[in-house]
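The primary structure of each chain is shown beneath.
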Amino acid sequence: MWLKAGNEDGPRTFSENIKIGPLGYAGRLILRGADSAPTEFICETGDTLLASLVGNVQIQLENAKISAPNGNAIKVEYQTLFSVGTGVDFGMTKESHIWIHDSQSIVQVLAAEYTISGNCARHLFVQYGHLYFEANRVKLIESPAFSGAFLTCFPRGSVQATENVIEGIGRGKRYDIHHLSVLNLCGGQEEIELAGDAPGYIDGTSILI
């Protein structure tokens, strides 16, 4: 299914969540903005703009700016495959831009080029699931602030982050790892792989590789 904004100017606002319900089979949703410039999709009152509630679903963003000033932008559950296409920008969001929330979730954000222009508590939030965040080029615009951290992981979450390129300056901790979680930088340095201007934090129950 394609959810397109068309070519008109102006943001698209939603008073309720866009939810991918139990289809009973594998499906794919592409959220796409106008061809001329990224369209801003805004969740005004709901806790999450776009949420997957069933497994074996693919979610893809294209030419879209995602903002959720009262909650989360993307919530991924149940082995959803989430991908960032061309022309994507993550705008102002109260909680998380990408929230992985299920022990069975294995999410890949690979070889993507996108921007972050808005403040948030966490760009990436991993609870229980696993995230591969690899070979991405992320451009920070207007020094967005991560009030919690660029990456937050708890409880029992795991992230592998390697070969990413961060352009621009972000404010806040690079990571915040708690409660039996794992961050694998594959021997790399946190200031290269993750955005932010402050060192990350990891508690005594978690592992940094």
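Residues numbered from 1 in each chain as written. Predicted model: local features only at pLDDT ≥ 70, side-chain atom pairs only at ≥ 80, totals over all residues. Heavy atoms only, no water.

Enquirer: Would you take a moment to explain the overall build of the protein for this structure?
Expert: Tallying secondary structure elements over the protein gives one helix and 24 strands in all. Counting all 209 residues of the protein, 53% fall into the buried class. Summed over its atoms, the accessible surface of the protein is roughly 9,300 Å², and 50% of this surface lies on carbon and sulfur atoms. (Helix = DSSP H or I, 4+ residues; strand = E, 2+ residues; numbered from the N terminus. Buried < 20%, exposed > 50% of the residue type's maximum accessible area, 1.4 Å probe, protein only. Areas by Shrake-Rupley, 256 points an atom, 1.4 Å probe, with all protein chains shown as cover.)

Enquirer: Help me out: how do you make sense of the nonpolar core in this one?
Expert: Among the nonpolar cores identified, the biggest contains 48 residues, and Phe82, Tyr114 and Leu151 are the most heavily contacted of them. Take this core: its biggest share by element is four residues, from strand 18 (residues 146-153). Among all residues touching Tyr114, those that are not within four sequence positions of it are Val84, Val88, Phe90, Val109, His123, Phe133, Arg137, Val138 and Lys139. (Core = buried A, V, L, I, M, F, W, Y, C linked by side-chain atoms within 4.5 Å. Contact = heavy atoms within 4.5 Å.)

Enquirer: Any chance you could explain the environment of Thr80 here in plain terms?
Expert: By secondary structure assignment, the location of Thr80 is in the loop between strand 9 (72-76) and strand 10 (81-84). On the accessibility criterion, Thr80 (0% relative accessible area) is buried. Taking the C-alpha atoms as reference, Thr80 lies 9.3 Å from Gln108; in sequence the two are 28 residues apart.

Enquirer: Would you mind going over the sheet that holds strand 7 (residues 57-62) with me for this structure?
Expert: Hydrogen bonds between backbone groups are what pair the strands of a sheet, and the pairing can be parallel or antiparallel. Across the sheet, four strands lie side by side as 1-4-7-10; this open sheet has parallel pairing. In this open sheet, the two edge strands, each paired with only one partner strand, are strand 1 (2-4) and strand 10. For this sheet, the mean inter-axis angle between neighbouring strands, taken without regard to orientation, is 10°. Strand direction decides the pairing type here: strand 7 and strand 10, joined by four bridges, are parallel. (Pairing = 2+ DSSP bridges. Axes fitted to C-alpha atoms, helices over the stretch in contact; angles between N-to-C directions.)

Enquirer: Would you mind going over the sheet that holds strand 5 (residues 39-43) with me for this structure?
Expert: Ordered in space as 2-5-8-11-14-17-20, the seven strands form an open sheet in which the pairing is parallel. Strand pairing shows two members of the sheet lacking a second neighbour, strand 2 (12-14) and strand 20 (165-167), which therefore form its edges. Averaged over all adjacent pairs, the angle separating strand axes in this sheet is 20°, with direction ignored. Summarising the sheet, strand 2 and strand 5 pair through three bridges and their orientation is parallel. The partner of Thr13 across the bridge, within strand 5, is Ile42.

Enquirer: When you look at the side chain of His178 in this model, what are you seeing that I'm missing?
Expert: In this structure, His178 sits in the loop between strand 21 (175-177) and strand 22 (182-184). Here the side chain of His178 touches Asp176 through a polar contact of 2.7 Å, side chain to side chain. Discounting chain neighbours no more than four positions away, the residues touching His178 are Cys153, Phe154, Pro155, Tyr201, Asp203, Thr205 and Ser206. (Polar contact = N/O pair within 3.5 Å; in protein donor to acceptor, adjacent residues only side chain to side chain.)

Enquirer: It is not clear to me how the environment of Cys186 should be interpreted in this structure. Could you clarify?
Expert: Inspection of the secondary structure puts Cys186 in the loop between strand 22 and helix 1 (190-193). With a relative accessible area of 43%, Cys186 lands in the partly exposed category. Each C-alpha atom, one on Cys186 and one on Thr162, is 6.5 Å from the other, the two residues being 24 residues apart in sequence. Residues contacting Cys186, with those up to four places away along its chain left out, are Gln160, Thr162 and Ile209.

Enquirer: What should I look at first to understand the pattern of salt bridges in this one?
Expert: Enumeration according to the criterion identifies four salt bridges in this entry. In this structure, Arg32 engages Glu62 in a salt bridge whose closest nitrogen and oxygen atoms are separated by 3.8 Å. You can see Arg32 sitting in strand 4 (residues 27-32) and its partner Glu62 sitting in strand 7, a full 30 residues away along the chain. Judged by its relative accessible area of 25%, Arg32 falls in the partly exposed class. (Salt bridge = Lys/Arg side-chain N within 4 Å of Asp/Glu carboxyl O.)

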